[in-house]
Structure formats: C-alpha cells, structure tokens
Amino acid sequence: MAAPGPSAPVGPDYKVENPQATVSTSVKYDNVHVLPQTPQLIALLTMIRDKSTTRGDFIFYSNRIIRLLVEEGLNHLPCVEHSVITPTGASYAGVKFEGKICGVSIMRAGEAMEQGLRDCCRSVRIGKILIQRDEETCKPKLFYDKLPEDIADRYVLLLDPMFATGGSAMMAVEVLIGRGVPEDRILFLNLIASPEGIAAFAEKYNKVRVVTAFIDKGLDAKSYIIPGLGDFGDRFYCI
Ligand code: PRP
Ligand code: URA
C-alpha cells in the first residue's frame, strides 16, 4: 500500500487494499447463521481475542459484537405487514414484529449478553439457567433455572458467548423444551463457536436457529476453543 502523501485522497475516495485476516469457517447446516465477516466485525473480534486487551476494552468490544448478534437475531423472528401514515399524510407499507419474546442467559458468561438484548428490546423478560462445565471432564452440570412462567408462548433468545463442545447449549435447550418451548422458537446467540460444537448441536437440534459471529478452527485438549479468546466469563467479569 502506498504511503498517503499530501495529494492522497481522503473521505469517500480514500481506498486501501483489503488487509488479510482469518475469517469464519463455513458450515453446511441450514439452521446455523454466521454474521457477515465484515472488516468491522473482524476488527472487534481481533480486539477481544487479543490476550493483552484490558478488561474495560474487552467489555466494550464484546458489547459491540453482542449488539450485532442481537440485531441479526431479531431478523430471524416473524414479522407481519403493518402500514402507517407518516406526518406527510402518505402511507408506508411496513412490518412489525409478531409474537412475544424473552431472553434466557446461560450463567455466568451468558449474562454478559443481557444488556445488549435489553438495549434492543425494551422491557424484555429475561430468564436464567445456571450451567457450569466441570473443569476436569468439561461436561456441563445444571444447577438452577428460573424462567418466565409463560415461556412456552414466547420466542426465546438463548444467550451464551462461547460454544465449545456444545454441551452447555444442548443442556439449556433441553431445559427449554422441558418447559414446552418448541425447538423452532429457540434462537441461540453466540460469539465464538467450534465446528465440533456446531456439528453436535445442529445434528441434534436442526430446528433451533444458531446465530454466531464466528466459527473457529477447533478445540484444544481441555475443550477450549482455538484460537478462541480464553475464558470469556473470567475476562468479562474478573481479570
Ligand atoms: C463456558 C461458556 C459456555 C460453556 C461452553 O461457561 O460460557 O457456557 O463454557 O462450553 P461447552 O460448549 O463445552 O459446554 P463455563 O461453564 O466455563 O462457566 P462461566 O460462564 O461461569 O464461565
Ligand atoms: N468457555 C470459555 O469461556 N471459553 C472456551 O474456549 C470454552 C469454554
């Protein structure tokens, strides 16, 4: 790339060659949607993957990605036609959301995504499921759930930033199904997934939609996502 000189264009004419970056692995499942791999998204992910990023920056940039995920997730909910009259007196043929929604976070890390949902959906009800991976076996363990009474009548946005083996997400979906939520009303929002987790999940629940920002290369011996970002909950809440 040529160094910008005094006569280099600025503003809309400013152009650089596209820098190279690793983008998400693609997968073949119809129910899995990966956010468009835009320079913005890749730059945000680069910030939160960097081990030298401070906790404040980690929170700030994670929140920006969460916002993108929530906005895209909402596109997967049904709309009905809805016309309005504008102040000019003309009519506009638009749409409005149909149906009730709620969020459900998989604690602890999933709680980090609640504010992003609240920022987009005013007064949204939020339930919680406490699932923790066993540090030795990496198997999920269910400790607690507290969900809206009428959850079976709602679309559920399930929130968890990390999708490694998929065990925690699958356990959370079992809890929701046990409360009467149909699979096709569950939408799982996630920042970074592994191909193994996606495959296990999509083969078991092909009607649950997954919206993720990135599918990484794989898992390490401790079932951490590689390259990943480490322990999301620790980086968001503790270190
Ligand atoms: C992390 C993460 C997911 C889970 C993913 O939570 O937030 O819930 O691991 O791994 P899996 O796909 O292999 O199940 P963890 O249990 O470490 O708890 P935390 O939220 O308190 O960090
Ligand atoms: N939980 C995390 O926070 N990160 C991983 O890579 C796997 C599980």
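Residues numbered from 1 in each chain as written. Chains lettered and ligands numbered in written order. Predicted model: local features only at pLDDT ≥ 70, side-chain atom pairs only at ≥ 80, totals over all residues.

Per an unreviewed UniProt entry, the chain goes by uracil phosphoribosyltransferase and derives from Terfezia boudieri ATCC MYA-4762. In its Pathway (unreviewed entry) section, the UniProt entry covering the chain states "Pyrimidine metabolism; UMP biosynthesis via salvage pathway; UMP from uracil: step 1/1." Of the comments in the UniProt record for the chain, the one headed Sequence similarities (unreviewed entry) reads "Belongs to the UPRTase family." (UniProt positions renumbered as here; feature names shortened; annotations may be inferred.)

A. Inspection of the site of ligand 2 at higher detail. Near ligand 2, the surroundings consist of Ala109, Met162, Ala164, Tyr224, Ile225, Gly228, Asp231, Phe232 and Gly233. Its residues assigned to classes, the shell around ligand 2 shows six nonpolar, two polar and one charged. (Near = placed C-beta within 6 Å. Nonpolar A, V, L, I, M, F, W, Y, C, P; charged D, E, K, R; others polar.)

B. Local environment of the site of ligand 1. Taken together, 22 residues surround ligand 1, and among them Ala109, Ala164, Thr165, Ser168 and Gly233 come closest. Breaking the shell around ligand 1 down by element, the ones donating at least two residues are β5 (125–133), β8 (162–163), α4 (167–178) and α6 (232–237). With three residues, α4 is the single largest residue contributor to the shell around ligand 1. Its residues assigned to classes, the shell around ligand 1 shows 10 nonpolar, eight polar and four charged. (Helix = DSSP H or I, 4+ residues; strand = E, 2+ residues; numbered from the N terminus.)

C. Highlighting unusual backbone geometry. Backbone torsion omega between Met107 and Arg108 reads 5°, so that peptide bond is classified as cis. Note that the residue after Ile226, namely Pro227, is joined by a cis bond; omega there is 0°. Despite not being glycine, Ser123 shows a phi value in the positive range, around 60°. Along the chain, the position of Ser123 falls in the loop between α3 (114–120) and β5. A tally of 5 C-beta atoms within 10 Å means that Ser123 is categorised as exposed. (Buried ≥ 20, exposed ≤ 12 C-beta atoms within 10 Å, placed from the backbone.)

D. Seen up close, the packing of helix α1 (residues 39–49) against helix α2 (residues 55–74). Across the interface, α1 lies against α2 with an axial gap of 9 Å and an inter-helix angle of 145°. The crossing of α1 and α2 is left-handed. Side by side, α1 and α2 meet where Leu41, Leu44, Leu45, Met47 and Ile48 of the first sit next to Asp57, Phe58, Tyr61, Ser62, Arg64, Ile65 and Leu68 of the second. Its residues placed into classes, the contact of α1 with α2 shows nine nonpolar, one polar and two charged. (Axes fitted to C-alpha atoms, helices over the stretch in contact; angles between N-to-C directions. Left-handed = near helix turned anticlockwise from the far one by under 90°. Contact = placed C-beta atoms within 7 Å.)

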